[in-house]
Structures are given as structure tokens and as C-alpha cells.
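So the chains spell out like this:
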Amino acid sequence: MASLARSTPGNRLSAWSRWAIAGLGVLSAARLVGQQVEPAPTPAPIPGAYWLRHATDAQSHLELLTTLRARILANDRAGAEAAVAELQSKAAREQAPLLAALRAAAIEVRFTFWLTNAISVQAPASLDQDTLRHLPTVAEVLPVQAAEPHIREITGDRFTNADLVQQDVRYSGSGCGVALIDSGVARNMLGTGQPHRVFRRRGTTGHRLAAAYGVAPIGRIPPPPDDYDGHGTAVASVAVGVNWSVPPLSDDGFAYGADLVSYRVVDQTGIAPDDSITTAFQNVVLDRIRFAVRVANCSLVGHPDATHPQQVVLDTLGYFADVLVVTSAGNDGFYPHSGARSHSNCSGLAVGAIWNDQRQIDASSSWGPLPTDGERFWPDLVALGQGQAAKHDDENLVRFILGTSISAPQVAGTAAMLRAIDPTLTAIDTKALILHGVEDIAAANPLYTRFRYGLGMLRTDLVVEGLQRDRLLRGNLRQGSVTQADYTFDLIAGRRYAATMCFARTDPANQANWDNLDLYVYGPDARLRAASETARNLYEKIVFVPRQTGRHRISVVSRNFTSAANIDVPFTLIFGDDRSGAVQKGSFLSMGTGCLGRGEPGANGMIIPPAARTQFGNDNTRVPFAEEPSRLQQVIEHAWLGTATPFTMRRFALRRDNNEANTQNAQVDVDIDLGFTTFAASQMQVSFTGNANLGAMTRVRSGRIDFPGANRGSEVARWDYVISLDVPFHVNTAPGRNLLLDINTRGNDQGNQPFNVWFDAVTDISVGRVYKFAQTNIVFEPSALVLSLMPDNLWPAIPLVDYVGDVQPGQSMTFVVREALPDSAAVMVYGLSRTEWNGIALPIDLTPWGGAGCRLYTDWFVQTPLFVDSVGQRRLQLSLPASAVLSGTVLHSQVIVADRNANPLGIAVSGGTRIVVGG
């Protein structure tokens, strides 16, 4: 186990403190100068420190975790301790061969883990990673990285309204423990032997600091548990503090009666290694048993990849130890990789920030989607990101703190208030109640989406009202046996209702996928009226107004099981009046597949660089098309084209980065030139005129280019953006003649501002990119767009129907047709049923009429003719009348393309789609 200690620190302005002060200055400056802020640093690897993920018996591990959860929920301390002991014993047995090999190689072990199959090590500088990969049972090697840290008004009626809740003394958090993973807390205030008075027990001289640990690698002296720089004390005072100073400088925090367990993960040099943070998460399991810790807060940098050992441990703690883990989203919102230093935290809650009482999003608050998970809406909710908090070295002053570090403990404190007043609430219950009670802030942020603010802003009063007034229902689904759970409610027409459903990541292991449950409402006529069908979130929420008074059915339905058939997938459903003020989003679902036509997919072109043909690049960029006015030059080296025969390029294509699911419609104004150069990519000059040294460039396209949006995850084989050339270009590169692409983007219809499309790119020392922002600053980077060079006749492809926007009464959404036959006629058909058409069962197989593989998926009562453009795409607006009666309408659609050479029937069709109108 890791080294833990309780000792007294020195008192000095640390490097960590200087970083925090500088960080606040950067955030303040960022609001003034916007994108002129320097890019955020990526998490810094600790030299020689590595994670080693090793082989394990996953089935028996899951069984032990399931036993641990059952014992914890039953308040069986002895049984829970026995389950932990078995997990530790199993890990020790499985790690023994690896630990022996490490001792033989004189490699120091930093931490061992029993919640996941990993250990961390400190290797000599002379040792390479290949040596580590070949050690016994090692499955993966990852770098250990260093993390960084990412109030009176917040409890008032302008924001969370926690003060109102606290008038009922039962909502104090008393009886619930809160774990704080941070820089420590002021445990020994100025040598008095007593903690800061913000942690005293209200009305007494005692305190609520149940335990305070310093975390260090095995065999090293742990740091003292006392606060290294004040960050931890400030965060803790928001979550569990009592009024310690003279108003208006201080106020009670949220769960002012809760006990606190502090984990200092910052070492004596100011570094917080990610394996130290992970060890703290793991040891919270023990304090769940010892001190009734039911909530944990971490306002430090984390990992967005759900398969990272840290996130596996975090999610295991959340579900199997029944601890609601709350994490700060981060403060990297200005930067291209906004969530690259954020916790994935699937089973807990990730919290972003607003910055004023108009509920406007703090531009510095990190936003989604997360890298590697473009279809998951993230963060989950927001809270105020600035305020006054306790100062760790002076009980008579306050510390003003900015960022999501202060947002997260507001949610953690609210969770502790709930779990204290009702100890039977599980972490899943508590998460559902908090999300059920948020205030919708979409209207205050019209330029942003759910990827900025989640489901809304924390409202502690609405959360408590949901606990007191609404129905809390628990259920279980199981693969192969129980795939749907139904609940009925007698509802009144015209009254607003809300249903929120949460579930957990029940088998974290090392997998990137998890179960997916969706939520539906059916009216008294048994027709679908509302749906919430996010593909990757572990919760769904519906707000709706019934059309009819009568019995309605709410259904929780499994769309995907990853848990084994012998594992229950528990969920919690909260149902009652809607207090959020939210408008129900529309829902779009693909239904079935289409049949092949003579569309020309980018995946059939010549993809460069060659490594990108089967996998995404390791970089992404908005340059050149989705950035502010910019210019790009990129070399396509002869070697990338291999032995390809000369060809005439009439189109080229780009694909979205695999982080993305949702993009917007846009048009850009560009000039595109092609030519040749002797320069290799790594030899490119910081001069646009100097690179084209084998003759004049050819202007192949000029003017506006349409970039239809998308609302689904990226795929390696899907190239959403195909650009046709006005002048076809002959590609005949002999050795020493490299193709040169020059794209000058003059503006766009988004106010010449960056918009939401990230193009797939690759980074390598052998490739290069030169581009210019705002026509002034020239920047050189070792990176290049992933491209598909397309001659004619690259068919076949199945036509695809995508959508952009949200279908609401009085608004319009965009259908996007892709990969249809270029320059063809087509028709979009609409219907109200996908089960029957004039007594004929749907879908109708068109194979007997010559349309092999083609099916009609909807009854056909109206159609819209359309003409596909020269790249096989077309945008189509669907406008709905501003009538509330349309809310909950279910509409089906499909595109049929005239494609005479596709098959004897002469058509190609897309798969079907289903839309549920929001409102």
C-alpha cells in the first residue's frame, strides 16, 4: 500500500502557490484578450515513472467487486472489509511475478493497485519502455503524469439557494463523510494543533476532520497532510465549511455538518502525480467503510480516456464502493484540446463553471466532447466558478478563487446533504436527484450547446425539492432476460413533468464501452411522445407536457449491454414536476441500412498519409476551413503516393477527428491552389511564395464551399467533407516532385469566427504544415491534414442521411444527404409509421423488383424533391409550425436516389430515420 502520514509542514510560499496565483492571472487575462492566451500545457510526464497494466482474472475480480458493493450497501462493515482483503490478496498474487521481475531489474515500485490491474514504477533513466513491456504479465505501459489544480454568493438565492435549504437543520450533511483529494487542508493551523476553524463542529469547539493523509510512493516519506498551498482548504471550505470569519467575508459552505477526510496528493515539490491521485481514490474505499465516506471531490487535472487506470479506479470507486465522485471539468476552455486534462468520470459528475448571475458560461471552463469520446455529452452540469473561500494560513481573511475547482465542491456538498438526510440513497440515486434538479441555462447561452453546460446549473433547493416531492424508483436490467422496465403514471394534460434516469459503469475493467440505457414516454394512446437517447452518457432526461390527461408509460430500455448476463445493471428513475425550465430536445435515430449506389466515398480515394487509411491521426485541427481567416500549405510527398499511376483529381475529402460527434452547418470562402515543389515536408520554408518552386500553382477552386454539419460519431471510413475542384488537376509526381496544396480561407458565414469542426490530422517529424492566422502571424508546425485524393468513379456507397440541429415547434432542422450519386435527382420521403403502410408490413424489401438490399422503412405521405450536388451531398431544411401540439410528434424519413446503374430498379436508398419532435 502507499505511504500515508499525518505530520506538520513548514510555512512558505511554494512553487505550487506561485503556479496557482499565476493561473488566476491567466484566467482573468483570458477574459480580456480571448484567444491570444498561450495554449494550455499538456499534462507533464514524470521522468522515468510509468503505469504497468498487467494481466488479471477479470471475472473473479468483478465478482469480488460485486460482493464489496453488496456489503457496503448492506452496511456490513465486516463483510466489506473482508471483500477488500480478498481484492488485495488477489492483486498481490497476480502481481507477484511482475514485482519479482521489477526487484531483479532494480526498478522501484511506486504504487500497487487492487481496484484495477495495475502498478506504477520509477524506472532508471537508462531503461526504455520496451524493456518494461516485456516484463512478465505486462499488457500496457503508460507514462505517469503530473496534475495541477484546475464563495459567499454561491449558497444564496442568486445561484444554488442552499441557504434556504439549510434553514432546515437536517440538511447539514451530518453523518456523511466527504473525501477531498487535493493539496491537503489546514490541519494544524499555525502550529496550534487544531484545524482551521472552518472545519470546526458548529456550536462546539470540536472539529469534523475525521482523517488527513499524505500520499507518497511505497517506501518514501509521505508529505505532511497539511495544505501545501491553500487550494485544498479553499475547496473543502466550499463543500463542508462552517462560517469562520466576519460576514460578509465568509458563510457556511454546503454540508457544514459533514465529516471531512483529506488526502494530500501533492508532494513536497508541488507535484501531484496521477498515480498518487489514483491511490487516494483507491483508499477512499477503506474510508467508505471506516468513516461513512459517501462523497468524494477532486478538483485536480485528470485523464479523459475512460480506459486509463486512474479512471477505471475512479469509476470502480463510484459504483462498487457506492461513493459519488465529483470532479472539476478544468479551466482549459480557451484551448483547442479543451478536455485533454479532464477526468472522464463516467459514473460520477463532472462540473463546469458559469461566471455571473446571468448564468453565462465561463469561457475558461473546459468543454466537451472529451478526446476519444465524441458522442458523450460532457460536462454533466455547471455551478458558479468564482467566489470567496477559506484561506489556509489566516482564519481572519478569505481567498478569492476562480475556476471549476470551486464549482465541483458545490455539487459535492449538495450530494453530502442528500446522503446524510437519507442514508439509503445510493450514489446513482444521488446523481439522478442532482441532475433532475438543475436549472436550465440554455437561453442564457444561445451560442453554446450542451457540450458547454451539460444539463444545466446546480440548484440545491430544486434538488432537495425533488427528494421531498418526486418519485424515486429503482430497477435492474439484465442481458438476455430483462431488457426493459415500464412505469405508469396518471398525468394531467398541459402540466410540465420531468423524468431523469441514471445508471453506472458496472464493469469498468479496461473497456471503452459500457451499457447504454434509453428513456421513453408513451401517451395513453400508446404512441411515443418523448425520447432521450444519448449514445454514451450514463443518464437520460426528459421534460414534457402531456397532450392528454390519463395514464402514461415511462420505459427504461437497454440499447446495448456490455455487462455479462449474470450482472444486473441497476438504474434510478426520478419522476415528478419539471422545475428546470428546460425545453425537451428532439431525438433522431437511424433505423436500418440502405443499399449501394454509385456515390463516391472518400474512403475509396488515395488516403494520405498512408498510415491514416486504417486509423485516425494523432492530432486534430480547425485549420484551414473552420478557423478564423487563415492560410495553409501542405506537402504531399511522392513517397506517400507509392507506385500509384498518374490520375486526374477532381475532388478531395477530409474527415472529422474522432473526438467529434456534433458539428454545425457552415460555408467558407476560399481559394485552393495545387502545384509542385522539390521540398519535402520537413524542408518547407516559412514563406508561402517560396515553397512552390516547380512552376506556377494552378487555381483549382475559388469561392464558397458548403460544409454540412453532422450529428453522430466519426468513423475512419466516413469522409463527411468532400470538396470538388473547378479545374481538374493532373497528379503525375515523379521522384523529387512533391504535390503542394495551398488553401487560403478568407472568411466564413459564422462571423469569420472559428466554428465547430475539427479535421483529422497527423503529427510526425517527417511531415510539415505552414499556416497563417489573420494574415499576419506565420506559424510552422510538424502536422498535416489527413486527406483523400479522389479521381472519378470511386463508387459504390450507401446514401447516408444525417441531421443537424434540434427539431422543435417553430424551428427548423437540417437533413444532410451524403455519398449519393453526384449530380443526381433524389427525393426525401416522410411518414408517420415504420411498421405498416396501407396494411402492408414495413420495411418493404425491394429485392423482387430489382433493388437488391433496398428497403422502404416508412409509410409515404409527403415528399420533397431535391438535387444532389457535384460531391454527392445536399442540405435540406425541415421547418415545423410554431404549435405546441407538434411536441412529441414522431416522424420517419428516408432518401431515395435516382441511380440508374446501381441496380435493375435504378435507385439507391438510405437507411430509415426516426425523429421525435421536442418542445
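Above this note sits the structure.
Parameters and conventions
Residues numbered from 1 in each chain as written. Predicted model: local features only at pLDDT ≥ 70, side-chain atom pairs only at ≥ 80, totals over all residues. Heavy atoms only, no water. Helix = DSSP H or I, 4+ residues; strand = E, 2+ residues; numbered from the N terminus. Rg over C-alpha atoms; globule rule 2.2 N^0.38 Å. Buried < 20%, exposed > 50% of the residue type's maximum accessible area, 1.4 Å probe, protein only. Areas by Shrake-Rupley, 256 points an atom, 1.4 Å probe, with all protein chains shown as cover. Lys, Arg positive; Asp, Glu negative; His and termini not counted. Charge placed at Lys NZ, Arg CZ, Asp CG, Glu CD. Pairing = 2+ DSSP bridges. Axes fitted to C-alpha atoms, helices over the stretch in contact; angles between N-to-C directions. 1 Å grid on protein atoms, 1.4 Å probe; cavity = no way out; pocket = protein on both sides within 12 Å on 5 of 7 lines; lining within 4 Å. Points joined across faces, edges and corners; volume = space filled by probe spheres on them. Nonpolar A, V, L, I, M, F, W, Y, C, P; charged D, E, K, R; others polar. Core = buried A, V, L, I, M, F, W, Y, C linked by side-chain atoms within 4.5 Å. Contact = heavy atoms within 4.5 Å. Disulfide = S-S within 2.5 Å.

### A few points about the overall build of the protein
If you tally the helices and strands in the protein, you get 14 helices and 51 strands. A compact globule built from 919 residues would reach a C-alpha radius of gyration of about 29 Å, and the protein, at 29 Å, matches this within 12%. Across its three principal directions, the C-alpha atoms of the protein cover 85 × 70 × 55 Å. Sorting the 919 residues of the protein into buried and exposed places 62% on the buried side. Per element, the accessible surface of the protein, about 32800 Å² overall, is 53% carbon and sulfur. A distance of 2 Å separates the average location of the 78 positive side-chain charges in the protein from that of its 86 negative side-chain charges.

### A short note on the sheet that holds strand β26 (residues 619-621)
Taken in spatial order, the 3 strands of this open sheet run β26-β35-β38, and their pairing is antiparallel. What marks the edges here is a single partner per strand, and that holds for β26 and β38 (783-785). Pairs of neighbouring strands in the sheet enclose a mean axial angle of 40°, with direction left out of account. With 3 bridges joining them, β26 and strand β35 (residues 759-763) adopt antiparallel strand pairing.

### Looking at empty space enclosed by the protein
Space inside the second largest cavity adds up to approximately 100 Å³. Looking at the second largest cavity, the residues that line it are Gly523, Pro524, Arg529, Ala530, Phe544, Val545, Pro546, Arg547, Gln548, His552, Ser887 and Gly888. When grouped by side-chain class, the residues that make up the lining of the second largest cavity number 5 nonpolar, 5 polar and 2 charged.

### Considerations on unusual backbone geometry
Across the junction of tryptophan 378 and proline 379, the peptide omega takes the value 5°, indicating a cis bond. With respect to the helices, strands and loops of the structure, proline 379 is situated in the loop between β12 (349-354) and β13 (381-384). Note that the residue after tryptophan 795, namely proline 796, is joined by a cis bond; omega there is 15°. Along the chain, proline 796 falls in the loop between β39 (787-790) and β40 (800-804). The phi dihedral of alanine 106 is positive, around 55°, even though this residue is not glycine. A positive phi is found at asparagine 752, a non-glycine position, where the angle reads about 55°. The residue asparagine 752 is located in the loop between β34 (738-748) and β35 in this model.

### As for the nonpolar core
Among the nonpolar cores identified, the biggest contains 111 residues, and Ile181, Tyr263, Phe281, Leu381 and Ile434 are the most heavily contacted of them. When neighbours within four sequence positions are excluded, tyrosine 263 is seen to be in contact with Ala179, Leu180, Ile181, Asp182, Gly184, Tyr213, Val215, Ala280, Asn283, Val284 and Asp287. If you look at the next biggest cluster of nonpolar residues, it comprises 37 residues, including Val623, Leu632, Val670 and Leu674.

### Some thoughts on the state of the cysteines
According to the stated counting rule, one finds 1 disulfide in the structure shown. Free of any disulfide, cysteine 298 has its nearest cysteine sulfur in cysteine 346, 15 Å distant. Of all cysteine sulfurs, the one in cysteine 346 lies closest to cysteine 502, which takes part in no disulfide; the gap is 13 Å.

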